[in-house]
Amino acid sequence: MRRGFYLILGFTFPGFWAFHASGLLSWLYSPLQNLFGIETTGWLSFFTASLLYIFLTVIFELFTRAWKNVHP
């Protein structure tokens, strides 16, 4: 299950980053755009997409470890 999750994450990240840079969930990087006063979305969307994927990974790891402790 863990390998499959990481495989899916690895294959979907470039596509999600492209959609994210084009405006999907733009509310995540728009405050950074306003703060730095830049128009481009490339690196800001990469940063926020990476943070989102790291968050998903942490949640998944916490869930699988808790599941493993409940069902040894």
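Computed from a prediction, not measured in an experiment: that's the story for all the values here.

Trainee: Hey, could you run me through helix α3 (residues 42-70) in this one?
Mentor: Helical periodicity: at 3.6 residues per turn, an α-helix aligns residues three or four positions apart in one direction. In a regular helix each residue adds 1.5 Å, so 29 residues correspond to 42 Å; α3 covers 42 Å between its end C-alpha atoms and thus fits that length. Taken together, the buried positions of α3 are occupied by Leu-44, Ser-45, Thr-48, Ala-49, Ser-50, Tyr-53, Thr-57, Phe-60, Glu-61 and Thr-64. Of the surrounding elements, those touching the buried residues of α3 are α1 (2-21) and α2 (30-36).

Trainee: Honestly, the pattern of salt bridges in this entry has me stumped. Any pointers?
Mentor: Pairing between side chains of opposite charge can happen when their charged atoms approach one another. Enumeration over the complete set of coordinates arrives at 2 salt bridges. Here Glu-61 makes a salt bridge to Arg-2, at a shortest N to O gap of 3.1 Å. Of this pair, Glu-61 sits in helix α3 while Arg-2 sits in helix α1, and the two are 59 residues apart along the sequence. Glu-61 sits in the buried class, given a relative accessible area of 13%. Here the salt bridges share partners, and the residues they tie into one network are Arg-2, Glu-61 and Arg-65.

Trainee: Explain α1 to me, please; I cannot follow it from the model alone.
Mentor: Spanning 20 residues, α1 covers 28 Å between terminal C-alpha atoms, matching the ideal 28 Å at 1.5 Å per step. Within α1, the full set of buried residues consists of Phe-5, Leu-9, Phe-13, Phe-16 and His-20. Backbone geometry just after α1 places Gly-23 at a positive phi near 130°.

Trainee: Please explain unusual backbone geometry as it appears in this structure.
Mentor: Excluding glycine, most residues fall at negative phi; most peptide bonds, likewise, are trans. The phi dihedral of Leu-25 falls on the positive side, at around 55°, and the residue is not glycine. With respect to the helices, strands and loops of the structure, Leu-25 is situated in the loop between α1 and α2.

Trainee: Before we go on, may I ask you to explain the environment of Glu-39 in this structure?
Mentor: With respect to the element layout, Glu-39 can be found in the loop between α2 and α3. When the C-alpha positions of Glu-39 and Ala-21 are compared, they lie 12 Å apart, and in sequence the two are 18 residues distant.

Trainee: Teacher, can you tell me more about the environment of His-20 here?
Mentor: Of note, His-20 is situated in helix α1. The spacing of His-20 and Pro-72 is 52 residues in sequence and 39 Å in space, taken between C-alpha atoms. Excluding residues within four positions of it along the chain, His-20 makes contact with Leu-25, Leu-28, Tyr-29, Ser-45, Thr-48 and Ala-49.

Trainee: Even after reading the chapter, I still don't get the packing of aromatic side chains, so can you show me in this structure?
Mentor: Each pair of aromatic rings is reported with the distance of its centres and the angle of its planes. Enumeration over the complete set of coordinates arrives at 10 aromatic pairs. Arranged with centres 3.8 Å apart and planes meeting at 15°, the rings of Phe-5 and Phe-60 form a pair that is stacked. In this pair, Phe-5 is assigned in helix α1 and Phe-60 in helix α3, connecting sequence segments 55 residues apart. The burial state of Phe-5 is the same as that of Phe-60; both residues are buried. Among the aromatic side chains, those forming a connected cluster through ring pairs are Phe-13, Phe-16, Trp-17, Trp-43, Phe-46 and Tyr-53.

Conventions and cut-offs
Residues numbered from 1 in each chain as written. Predicted model: local features only at pLDDT ≥ 70, side-chain atom pairs only at ≥ 80, totals over all residues. Heavy atoms only, no water. Helix = DSSP H or I, 4+ residues; strand = E, 2+ residues; numbered from the N terminus. Expected span 1.5 Å × (residues − 1). Buried < 20%, exposed > 50% of the residue type's maximum accessible area, 1.4 Å probe, protein only. Contact = heavy atoms within 4.5 Å. Salt bridge = Lys/Arg side-chain N within 4 Å of Asp/Glu carboxyl O. Phe/Tyr/Trp six-rings, centres within 6.5 Å; stacked < 30°, edge-to-face > 60°.

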